[in-house]
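Residue-level structure breakdown
Chain by chain, the residues:
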Amino acid sequence: MRAERDGGPGATVATTVERGGRLAAIGIAFGWHLVMNLPAIVAEWPEFRVPWAAGAGWLLYTVVGVIAALRLYGRVRVPTTPLIAVLLLVDVLSFATVPDGEIFAAANWAWGTIGWFAVIVLWGRRVGALVAVMAANAAIAFVGVLAHNGELAVDLSRFVMFVYGTAVLPIALLAAMNALRVTSEGAAASAAAQAAVEAERAGAVRAQHERRERMAIVTRAAGSVLADLADGRADPGDPAVQRRCALAAARLRRLIAESDDVPDPLLHELRACVDLAERQGVPVELVAVGEVPPLPIPVRRLLAEPLAAVLASARDWARLTVVADEAEVVVSLTTPAADVPDGRSSWAVDGVVDYWYERDEDLVWTQTRWRAA
Amino acid sequence: MDTNSMAGGVTPDAAPTPPRVAVAIVDDHPVVLEGVRSWLAADPRLSVVATGDDIDAVLSRGAADVLLLDLRLHGTMVIDRVAELSAAGQRVVVYSEHTDAATILSVLDAGAVAFLAKKEGRDHCVETVLAAAADRPYVTPALAGAMVGDRSNARPTLSDKEREALLLWFQSMSKASVAKRMQISEHTVKQYVDRARIKYARAGRPAATKAALLARAIEDGLVRPEEIGGYRSWAAG
């Protein structure tokens, strides 16, 4: 019942498991009530102290049993406490009306029946509730046994056996059903948890792969110049080495900016390069027109990287422009010609970004252009 | 930075001693006002006739061929004043530190003859004022950027060449480099850029200054009359 209400991952499995146990419990209770109790009451009818009370008690059990069964199938909503109270009252009645000397016989029917009825009333509850009912049953029986005119020692030992015999099976059934439900819920939940763990692991592997990729880029960007500096092969005073350092710094700075979560990542990355150039004393004008559409990281890299490289070698001033709409993004850098290679070149990079570079007497002009496919 | 190529066609057919262009300047920062005044006054073709921080006070001191107007006066954007003055035929060159495309385009729509970013400097400033006085377009890189990035529904249709010329001019600020890149002459670059500008003059709300730009463009052969849709009706209105 609880599993059905919860509707968690284990709900379906638990519901299937519970259906069988529920049917078995109802079958036992009514089977016992009809096959054992009814013939016993009929056979001893005249001997009962108040025969009609015994009959009424039997009928009351039947009614409680039907209500409990209906409740188990969600047909009626009844609190369990009154039902248990009725069962215990009839139990007392049974002890009070049982024929003399038959306290341990089938005529004292309620003693052995209450457990099975309590099981279906308390179905889905914790075993403790049933144990409490069985304890009350035992207390009633104990009083009945004390009031019984027989040999006390013998009665007490039979009492203990009876208590054991009547209580163990119902409690075992309820406990087993509860354990089964917990297990099945747990199994289903752990299956779901395992799937979640699996997804997390896949995510971690991907993240690690990306990290490795970035590490490789960083190594390409700065590894060789750092190694040369460390080995003493590169002289920090050499302008060429300084330019390599500036270039590496620009790449690293752009790479760091790349993973920032900002509304306009391309501009953010370009600004990072601009910051660096300005810190080196090169005033950079960054003008952006239009709205940059969302671009994948590799495209942003292709757009920004060549400009970052030229920007790193800018000496006097630089002008960085971005013209964008949803179909096209054009990034351009112009800066006075410095000691960079002469000439012009242009090529398509990976089929998504066109790169264009030109240097004339006074201007170095680099442009990258992405067009929507 | 090649700005001389933007000098426009003012000098070639001008008389030996042409009358000086009368310029009025309105700015609410005395330092800027003084700086711009000295830039313009240093050019023999220009004469600064009035300066101040209030449009009406400055214009009441006499007619000016061109009003150089700071867009933000005492904390207020004066785009509506630009529209009012342009409708009345006053040539207004707006200069501002507000260089976002939306502002520039709304200034153009209001009828300003030209837009100048404050950081665009002396040469652009002088050339812009001279071109404006002759009702000729002058497209600064900032203005080119605003036009090339314009995605509004009301934008005029630019040809691929015009768009490319605007884009490259915006990027490089060098007509010579643009010419080399497009493998055309600097003169043709300027024509593409100016034609794009003229297309803006016939878009949006009508203004006497826009009509004057169009008329001059036809006269100069920059555009053909049949290319100008509603030009005549505006002039009539």
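Residues numbered from 1 in each chain as written. Chains lettered and ligands numbered in written order. Predicted model: local features only at pLDDT ≥ 70, side-chain atom pairs only at ≥ 80, totals over all residues. Heavy atoms only, no water.

1. Here's the deal with the overall build of chain A
The secondary structure content of chain A amounts to 10 helices and 6 strands. Accessible area of chain A: about 18800 Å², with a carbon and sulfur share of 63%. (Helix = DSSP H or I, 4+ residues; strand = E, 2+ residues; numbered from the N terminus. Areas by Shrake-Rupley, 256 points an atom, 1.4 Å probe, with all protein chains shown as cover.)

2. Description of the pattern of salt bridges
Evaluated as defined, the whole model comprises 29 salt bridges over all chains. For the salt bridge of R163 of chain B with E328 of chain A, the shortest nitrogen-to-oxygen distance reads 3.1 Å. On the criterion of chain membership, the pair formed by R163 of chain B in helix α7 (residues 160-172) and E328 of chain A in strand β3 (residues 328-336) is interchain, its members lying in two chains. Linking E97 of chain B and K118 of chain B is a salt bridge whose minimum nitrogen-to-oxygen distance equals 3.6 Å. One end of the pair, E97 of chain B, is in the loop between β6 (91-96) and α4 (101-110); the other, K118 of chain B, is in the loop between β7 (114-117) and α5 (121-133), and 21 residues separate them in sequence. On the basis of relative accessibility, which here comes to 45%, the residue E97 of chain B falls in the partly exposed class. Accessibility expressed as a relative area gives 25% for K118 of chain B, which makes it partly exposed. Through salt bridges with shared partners, a single ionic network connects E328, D354, R369 and R371 of chain A together with R163 and E164 of chain B. (Salt bridge = Lys/Arg side-chain N within 4 Å of Asp/Glu carboxyl O. Buried < 20%, exposed > 50% of the residue type's maximum accessible area, 1.4 Å probe, protein only.)

3. Observations regarding the interface of chain A and chain B
Every contact between the two is made by 21 residues of chain A and, on the other side, 21 residues of chain B. When residues of chain A are sorted by the area they lose upon contact with chain B, V289, R319 and W365 of chain A head the list and together hold 29% of the total. Our count for the contact surface shared by chain A and chain B stands at 4 salt bridges. Note that K119 of chain B and E285 of chain A form a salt bridge whose closest N and O atoms lie 3.3 Å from each other. Applying the counting criterion to the chain A and chain B interface returns 11 residue pairs in polar contact (both at pLDDT 80 or more). (Contact = heavy atoms within 4.5 Å. Buried area = accessible area lost by both parts, 1.4 Å probe. Polar contact = N/O pair within 3.5 Å; in protein donor to acceptor, adjacent residues only side chain to side chain.)

4. A few points about unusual backbone geometry
Residue and element names in this part refer to chain B. In this structure, H74 is a non-glycine residue whose phi angle is positive, near 50 degrees. With respect to the secondary-structure elements, H74 resides in the loop between β4 (72-73) and β5 (76-77). Exposure remark for H74: the relative accessible area of 52% places this residue in the exposed category. Here the phi dihedral of D135 falls at roughly 60 degrees; this positive angle occurs in a residue that is not glycine. Among the secondary structure elements, D135 is positioned in the loop between α5 and α6 (141-148).

5. Description of the packing of aromatic side chains
For the structure shown, the criterion picks out 10 aromatic pairs over all chains. Relative to F162 of chain A, the ring of F104 of chain A lies with its centre 5.2 Å away and its plane at 65 degrees, an arrangement referred to as edge-to-face. Note that F104 of chain A is positioned in the loop between α4 (80-97) and α5 (109-121) and F162 of chain A in helix α7 (residues 152-231), a separation of 58 residues in sequence. The class of F104 of chain A is buried, set by a relative accessible area of 11%. Through a chain of ring-to-ring contacts, three or more aromatic side chains come together here, namely F95, F104, W111, F142, F159 and F162 of chain A. It is R181 of chain B that lies over the ring of W356 of chain A; its NZ or CZ is 3.2 Å from the centre. (Phe/Tyr/Trp six-rings, centres within 6.5 Å; stacked < 30°, edge-to-face > 60°. Lys NZ or Arg CZ within 6 Å of the ring centre and 35° of its normal.)

6. Points about the confidence of the model for chain A
All names here are of chain A. On average, residues of chain A carry a pLDDT of 83, and 94% of them reach 70 or more. Here helix α1 (residues 2-6) stands out as the element of chain A with the lowest mean pLDDT, 42, in contrast to β3, whose mean of 92 is the highest. Here residues 1-7 is a poorly scored stretch, pLDDT under 50, and it has 12 contacts once near neighbours within four places are set aside; other chains count. (pLDDT = per-residue confidence, 0-100.)

7. Examining the sheet that holds β7 of chain B
Residues and elements named next belong to chain B. Taken together, the 5 strands give an open sheet; going across it, the order is β2-β1-β3-β6-β7, and neighbouring strands pair in parallel fashion. Either end of the sheet is taken by a strand with one partner, and the two such strands are β2 (46-52) and β7. Shown here is a sheet whose adjacent strand axes are inclined to one another by a mean of 25 degrees, direction ignored. When β6 meets β7, the two strands line up parallel, connected through 4 bridges. Looking across to β7, one finds that V93 is bridged to A114. Where helix α3 (residues 79-87) meets the sheet, it contacts β3 (66-70) and β6, and its direction lies at approximately 160 degrees from that of β6. (Pairing = 2+ DSSP bridges. Axes fitted to C-alpha atoms, helices over the stretch in contact; angles between N-to-C directions.)

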